[in-house]
Amino acid sequence: MMMVNKVREIRGSASCLLLVLLILAIPLLFLFGLAEFSVWALNWIPDVFRVAMVLCIAMVPLAVIIPARAIAGAAYGVASFVFLTGLWLYSLAFTYTEWGMIGVVLGVIVAGIGVVFTAILAALFSASWEVLGNVAILIALGLGTRFLAGWLNASAQQRLMRHQMQDHPSEAIITQPPQDE
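The rules behind the values
- Residues numbered from 1 in each chain as written.
- Predicted model: local features only at pLDDT ≥ 70, side-chain atom pairs only at ≥ 80, totals over all residues.
- Heavy atoms only, no water.
- Salt bridge = Lys/Arg side-chain N within 4 Å of Asp/Glu carboxyl O.
- Helix = DSSP H or I, 4+ residues; strand = E, 2+ residues; numbered from the N terminus.
- Buried < 20%, exposed > 50% of the residue type's maximum accessible area, 1.4 Å probe, protein only.
- Phe/Tyr/Trp six-rings, centres within 6.5 Å; stacked < 30°, edge-to-face > 60°.
- Core = buried A, V, L, I, M, F, W, Y, C linked by side-chain atoms within 4.5 Å.
- Contact = heavy atoms within 4.5 Å.
- Expected span 1.5 Å × (residues − 1).
- Axes fitted to C-alpha atoms, helices over the stretch in contact; angles between N-to-C directions.
- Parallel < 35°, antiparallel > 145°, perpendicular 65-115°, else oblique.
- Left-handed = near helix turned anticlockwise from the far one by under 90°.
- Nonpolar A, V, L, I, M, F, W, Y, C, P; charged D, E, K, R; others polar.

Chemist: Please clarify how the pattern of salt bridges should be interpreted in this entry.
Modeler: Side chains carrying opposite charge are able to pair once their charged atoms draw close together. Throughout the structure, instances matching the rule amount to one salt bridge. A salt bridge links Asp 47 to Arg 50; the nearest nitrogen and oxygen atoms lie 2.6 Å apart. Placement of both Asp 47 and Arg 50 in helix α2 (residues 45-58) is noted, with a separation of three residues, approximately one turn of the helix. Owing to a relative accessible area of 44%, Asp 47 belongs among the partly exposed residues under this scheme.

Chemist: Would you take a moment to explain the packing of aromatic side chains for this structure?
Modeler: Aromatic ring pairs: the centre-centre distance and the angle between the two ring planes describe each pair. This structure, assessed with the given rule, holds two aromatic pairs. When the centroid spacing of 5.9 Å and the interplanar angle of 45° are considered together, the rings of Phe 49 and Phe 83 count as tilted. Taken together, the positions of Phe 49 in helix α2 and Phe 83 in helix α4 (residues 69-109) put the pair 34 residues apart, joining distant regions of the chain.

Chemist: Honestly, the nonpolar core in this entry has me stumped. Any pointers?
Modeler: In summary, soluble globular proteins display a tendency toward joint burial of nonpolar side chains. By size, the foremost hydrophobic cluster in this structure holds 25 residues, and its most contacted members are Ala 72, Tyr 76, Phe 83, Phe 94, Val 131 and Val 135. Excluding its chain neighbours within four sequence positions, the residues that come into contact with Phe 94 are Ala 119, Ala 122, Ala 123, Ser 126, Ser 128 and Val 131. Formed by six residues, the second largest nonpolar core is a distinct cluster that contains Leu 34, Ala 35, Leu 92 and Tyr 96.

Chemist: It is not clear to me how helix α6 (residues 129-167) should be interpreted in this structure. Could you clarify?
Modeler: Every α-helix carries 3.6 residues per turn, so stepping three or four residues along brings you back to the same face. A rise of 1.5 Å per residue sets the reference length of α6, with its 39 residues, at 57 Å; its end C-alpha atoms lie 56 Å apart and thus fit the reference within 8%. Turning to α6, its buried residues are Val 131, Val 135, Leu 138, Gly 142, Thr 145, Ala 149, Leu 152, Ser 155 and Ala 156.

Chemist: Could you clarify how one ought to interpret the packing of α2 against α4 in this entry?
Modeler: For any two helices packed against each other, the geometry comes down to the angle between their axes and how far apart the axes lie. Relative orientation of the contacting elements α2 and α4 amounts to 155°, with a least axis distance of 9 Å. One finds that α2 runs roughly antiparallel with respect to α4. Taken as a pair, α2 and α4 cross one another with a handedness that is left-handed. Across the interface between the two elements, Ile 45, Val 48, Phe 49, Ala 52, Met 53, Leu 55 and Cys 56 from α2 touch Ala 75, Tyr 76, Ala 79, Val 82, Phe 83, Gly 86, Leu 87 and Leu 89 from α4. Of the residues contributing to the contact of α2 with α4, the split by class is 14 nonpolar, one polar and no charged.

As structure tokens, then:
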């Protein structure tokens, strides 16, 4: 009877260990597939960037026209998403080709965006200045369009609020801080 209990304990421990390994293997397989996808996507990422740049240039007149700033803000937000996603995929592909899966796993462990940091480190250590420049340009494009989109959307929201207060003044509640006399 004692031997049967020992076998059950070992079987339970082994199945628990197998379950833990399976749970750990699924994200690693996902990362491996994502790394392979990012290497494959390097062929068409520049074309997507060109489309996003054309969209950004086409939105300049709408950004200047005050009533159309909400449309321009949404378009710049989409372009920002394209640039930052492309940056992440580009960094993932470069890290994967330079440092392999170990570099990718280390990069993803650092809050997911660490792949960009590991790509910068890999470019520095391998003296790939072109890659380092591309990463810097993509960071600037992604963050620049993100901040521009936020500013355009805030401007459009302020304009909308001004018009609502002018059209319906009784519905507007304006709070002011108390003034010390």
